[in-house]
Amino acid sequence: MDNRFAYLFAGLSEDRAIALLEMSCDELEDPSERYVAASRMSNFPPSDRGIQALIAAVKNADDSLDNRIVRRKAVETLGRYKATTAREIIQACLTDDDSYLVENSAWALAEIGCDDADALATMTATLEKPGQSYRAIIQALAKLNYKPAIARLEPFATHDDPSIASAAIAAICRLSADNSRMAEVAAFLQHENVNARRGCIQDLIDTHYYAAIPDLARCPVSIVFRLRAIRQLAEAGMAEAVLTFEADVQPYLEQVLRDRPSDITFVHAYDRSPSLEFTISELYSTDFGRCYLASQKLLDNHAEAAGPALLETYRERAHNDYGAHYHVVKMLGWLKYTPGYDILVEALNNATPQFQKSRAAAALALAELEDDRAIPELHRAFETEIWDLKYAALTALAQFGDTSERDRCLDDSDWCVRAKARLL
């Protein structure tokens, strides 16, 4: 479980969280306290007391919004606990009027495991109801391997929402053990809708569709989604002995880590050559497809003016915007813009979780500057447990002709870092 953001609820003990869950709304100082308690519980190891408190919270039928969001979060936490004793009460939530509670219940049952035919039929029947979170329900049915759902999933394969269509096609392939339609799912990697792109990545992972790895590497979404997908597919494929790291994984993994816009399949286009100011502003888009297109235009059309403009936007906004920060860091390296050296060193050492992807980008960008001052900075990167930072630092140091970290990394805790070290 990822606990990097546990500090948001720091100081709230398990005993206090349970006590808050057991309070009535009238006893609370703030109506959100029970929701915070239900969220905080996932940071503690499962205990009988905690599970019973969460089950009681789910059973609380008060229809106020504050209580409804507590029930949703309590079901989610029970799913994270894989609490089999909560299965019956969660199954009962599948017929609730709260569609978000139904969604969380389907997800939780998929996490816990459920082979109750009546419950699975009820879950399938929710697909007949309007306003449901169809994608989440479809994914749960696939994970629970409920083959009788196949016929009901077929109409969703042509749903207007591409993320729902993607989930349905992938679920049908998974339940029927027939991947002949998975190319339809992979095609969503180049959809103009960013949510469709992100959603289909998970569908490709769930179906172990290894043929999509090259297309995943070129998909215009954040590097975080692509690295996660390639790693998970690689782990599964190598375990099944159908993939090898050097031939089937490394080229695409490193293509994503370097993350050049020329290696991305663009899904957007400009109807005229954009100005420098507009292109810089596109680096702040939440759709990384626009960011990659803008990065390429900066390299193609504004290479001479881009360096100073990137420093200016960094000072004004990008230093505090983790998406734009990442793209600025990469661009400074590709432009070989030496006045950006201090920004790259700062990014390399930025331990704030939201800026993590900028650290590996900074390591590679420093190698592009070819400034030997970066070598000791890169060596310090191995003091972390962040796999992609260490992998990028190995790559960057190799560009400087330095392979002295190889031996240490042969015994690294991460398999990707070990594999990279063996190939140096």
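About the thresholds
The residue numbering used here restarts from 1 in each chain and proceeds along that chain's sequence as written. Given that the model is predicted, a residue must reach a pLDDT of at least 70 before its local features are reported, and side-chain atom pairs must reach 80 or more before they are shown or counted; all residues, however, enter totals for whole chains, interfaces and linings. Values reported for side chains reflect all heavy atoms of the structure, with hydrogen atoms and water molecules removed beforehand. Geometry of aromatic contacts follows a simple scheme: Phe, Tyr and Trp rings, the Trp one being its six-membered ring, pair when their centres are within 6.5 Å, and the pair is stacked under 30 degrees between planes, edge-to-face over 60, tilted otherwise. Relative accessibility under 20% of the residue-type maximum defines a buried residue, over 50% an exposed one, and the middle range a partly exposed one, all with a 1.4 Å probe and only protein chains included. Think of it this way: any DSSP run of H or I at least four residues long counts as a helix, any run of E at least two long counts as a strand, and we number them from the N terminus. Here, over-ring charges are defined by two tests on the NZ atom of lysine or the CZ atom of arginine: distance to the ring centre within 6 Å, and angle to the ring normal within 35 degrees. Polar contacts, as used here, are pairs of N or O atoms within 3.5 Å; protein pairs need one atom able to donate a hydrogen and one able to accept it. Residues neighboring in sequence count only if both atoms are side-chain atoms. We call two residues in contact whenever any of their non-hydrogen atoms come within 4.5 Å of each other. To get an axis, a line is fitted to the C-alpha atoms, and for a helix only the part in contact is used. The angle between two axes follows their N-to-C directions and goes from 0 to 180 degrees. For classification, angles of less than 35 degrees are called roughly parallel, those exceeding 145 degrees roughly antiparallel, those between 65 and 115 degrees roughly perpendicular, and all remaining angles oblique. Rotating anticlockwise by less than a right angle from the far helix to the near helix defines a left-handed crossing, while the corresponding clockwise rotation defines a right-handed one. As a working rule, the residues Ala, Val, Leu, Ile, Met, Phe, Trp, Tyr, Cys and Pro are called nonpolar, Asp, Glu, Lys and Arg charged, and the rest polar, with Gly in that last group. The span you would expect from a helix comes to 1.5 Å times its residue count less one. Patch construction takes residues with relative accessible area above 30% that form no salt bridge. Like charges are linked within 9 Å, and nonpolar side chains (Val, Leu, Ile, Met, Phe, Trp, Tyr) are linked within 5 Å. The accessible surface values rely on the Shrake-Rupley method and a 1.4 Å probe; as for residues, cover is taken only from the protein chains in view. When a carboxyl oxygen of Asp or Glu is within 4 Å of a side-chain nitrogen of Lys or Arg, the pair counts as a salt bridge. Only four residue types enter the charge count, namely Lys and Arg as positive and Asp and Glu as negative; His and the chain termini do not. Where a charge lies is defined by one atom per residue type, namely NZ (Lys), CZ (Arg), CG (Asp) and CD (Glu). Within this analysis, the arc is defined by the directions that extend from the helix axis to the C-beta atoms. In this description, the term disulfide denotes a pair of cysteine sulfurs within 2.5 Å. Residues grouped as a nonpolar core are buried Ala, Val, Leu, Ile, Met, Phe, Trp, Tyr and Cys residues, joined through side-chain atoms within 4.5 Å.

## Topic: the packing of aromatic side chains
What characterises a pair of aromatic rings is the spacing of the ring centres plus the angle enclosed by the ring planes.
Next up, step 1: Following the criterion strictly, the structure yields six aromatic pairs and no others.
Next up, step 2: Aromatic side chains Tyr270 and Phe278 sit 5.9 Å apart centroid to centroid with 75 degrees between the ring planes, which places their arrangement in the edge-to-face category.
Next up, step 3: On the basis of relative accessible area, Phe278 is assigned to the partly exposed category, the value being 38%.
Next up, step 4: A centroid spacing of 6.2 Å and a plane angle of 85 degrees characterise the contact between Trp387 and Tyr391, whose relative ring orientation is edge-to-face. Here the residue Trp387 and the residue Tyr391 both occupy positions in helix 23 (residues 387–399), the gap between them amounting to four residues, near one helical turn.
Next up, step 5: Classification of Tyr391 as buried rests on a relative accessible area of 0%.
Next up, step 6: Between the NZ or CZ atom of Lys357 and the centre of the ring of Tyr326, over which it lies, the distance is 6.0 Å.
Next up, step 7: Sitting over the face of the ring of Tyr341, Arg373 holds its NZ or CZ atom 3.9 Å from the ring centroid.

## Quick notes on the side chain of Asp412
Next up, step 1: Considering the arrangement of structural elements, one finds Asp412 in the loop between helix 24 (406–409) and helix 25 (415–422).
Next up, step 2: Judged by relative accessible area, Asp412 falls into the buried class, the value being 11%.
Next up, step 3: Here the side chain of Asp412 touches Asp414 through a polar contact of 2.9 Å, landing on its backbone nitrogen.
Next up, step 4: Beyond its immediate stretch of four places on either side in the chain, Asp412 contacts Lys390, Val417 and Arg418.

## Observations regarding the packing of helix 19 (residues 322–334) against helix 20 (residues 341–348)
Next up, step 1: The geometry of helix 19 relative to helix 20 is characterised by a closest axis approach of 10 Å and an angle of 130 degrees between their N-to-C directions. One element, helix 19, and the other, helix 20, form an angle in the oblique class. Relative to helix 20, the crossing made by helix 19 is left-handed. Contact with helix 19, carried on its side by His325, Val329 and Leu332, involves Ile343, Leu344 and Ala347 of helix 20 and no other residues of that element.
Next up, step 2: Residues belonging to the contact of helix 19 with helix 20 are distributed by class as follows: five nonpolar, one polar and no charged.

## Focus on helix 21 (residues 356–369)
Next up, step 1: Here helix 21 contains 14 residues, and its C-alpha end-to-end distance of 21 Å stays within 8% of the 20 Å for a straight helix at 1.5 Å per residue.
Next up, step 2: With respect to burial, helix 21 is a largely interior element, 13 of its 14 residues being buried.
Next up, step 3: One or two residues past the end of helix 21 sits Glu370, with phi positive at roughly 60 degrees.

## Some details on a negative patch on the surface
Next up, step 1: The grouping of Glu29, Asp30, Asp62 and Asp66 at the surface amounts to a negative patch.
Next up, step 2: In this structure, Glu29 sits in the loop between helix 1 (14–21) and helix 2 (33–40).
Next up, step 3: Judged by relative accessible area, which is 79%, Glu29 ranks as exposed.

## With respect to helix 1
Next up, step 1: Inspection of helix 1 places Glu14, Ala17, Ile18, Leu20 and Leu21 among the buried residues, and these make up the whole buried set. Considered in projection along helix 1, the buried side chains sweep an arc of 160 degrees and stay on one side of the axis.
Next up, step 2: On its buried side, helix 1 packs onto helix 2, helix 3 (48–59) and helix 4 (65–81).

## Quick notes on the state of the cysteines
Next up, step 1: Tallying each qualifying case throughout the model produces zero disulfides.
Next up, step 2: Cys291 forms no disulfide, and the closest cysteine sulfur to it belongs to Cys219, at a distance of 13 Å.

## A closer look at the nonpolar core
Next up, step 1: With 153 residues, the main nonpolar core has Ile138 and Leu204 as its most contacted residues.
Next up, step 2: Among the elements that make up this core, the one with the highest residue count is helix 10 (residues 162–176) (ten residues).
Next up, step 3: With near-sequence residues (within four places) excluded, Leu204 lies in contact with Met182, Val185, Ala186, Leu189, Tyr209, Ala212, Leu216 and Leu233.

## Some details on the pattern of salt bridges
Next up, step 1: Under the definition given, this model contains 27 salt bridges.
Next up, step 2: We note a salt bridge from Glu368 to Lys336, for which the minimum N-O separation is 3.2 Å. Of this pair, Glu368 sits in helix 21 while Lys336 sits in the loop between helix 19 and helix 20, and the two are 32 residues apart along the sequence.
Next up, step 3: Looking at Glu368, the relative accessible area reads 13%, which means it is buried.
Next up, step 4: Residue classification places Lys336 among the partly exposed positions, given a relative accessible area of 43%.

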